[in-house]
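# Structural features, examined
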Amino acid sequence: MRASFAIAMGLAGMLATAAAAEEEPARLYERQCRGCHFEQGADLAHLKFKLENDVPVVARSNVPVETLLRRHHGVALSKSEMSSLLGLFRASIK
């Protein structure tokens, strides 16, 4: 009985992780960023970022957005979440 419960809980965890990995970039931004940033993700990127060799960077400092997000006010993003947000920003700047 315990083994069945453990397996079920493991599968539930895997499904939750897969769902989070497939979350739409705009929803991810709403969940992780919107509490502090009033702009929509695309608007934030358009206003504050630029592309340098197809890499989103902060326009004022030329710091790569990925570097900023790795240490940005305690926000912890998985690799897939980071990739998703960077894709959203890159598409919004072009």
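Not measured: the values here are computed from a predicted model.

## Quick notes on the environment of lysine 94
Its place among the elements puts lysine 94 in the segment after α5 (79-93). For lysine 94, a relative accessible area of 67% corresponds to the exposed category. It is 8.6 Å that separates the C-alpha atoms of lysine 94 and lysine 50, two residues lying 44 residues apart in sequence. Lysine 94 has contacts with Leu51 and Asp54, leaving out every residue within four places of it along the chain.

## Examining the pattern of salt bridges
Evaluation of the coordinates by the stated rule reveals seven salt bridges. Several salt bridges converge on common partners, so that one network encompasses Glu23, Arg31 and Glu81.

Cut-off values and rules
Residues numbered from 1 in each chain as written. Predicted model: local features only at pLDDT ≥ 70, side-chain atom pairs only at ≥ 80, totals over all residues. Heavy atoms only, no water. Helix = DSSP H or I, 4+ residues; strand = E, 2+ residues; numbered from the N terminus. Buried < 20%, exposed > 50% of the residue type's maximum accessible area, 1.4 Å probe, protein only. Contact = heavy atoms within 4.5 Å. Salt bridge = Lys/Arg side-chain N within 4 Å of Asp/Glu carboxyl O.

Don't take any of this as a statement about function, it's just geometry.
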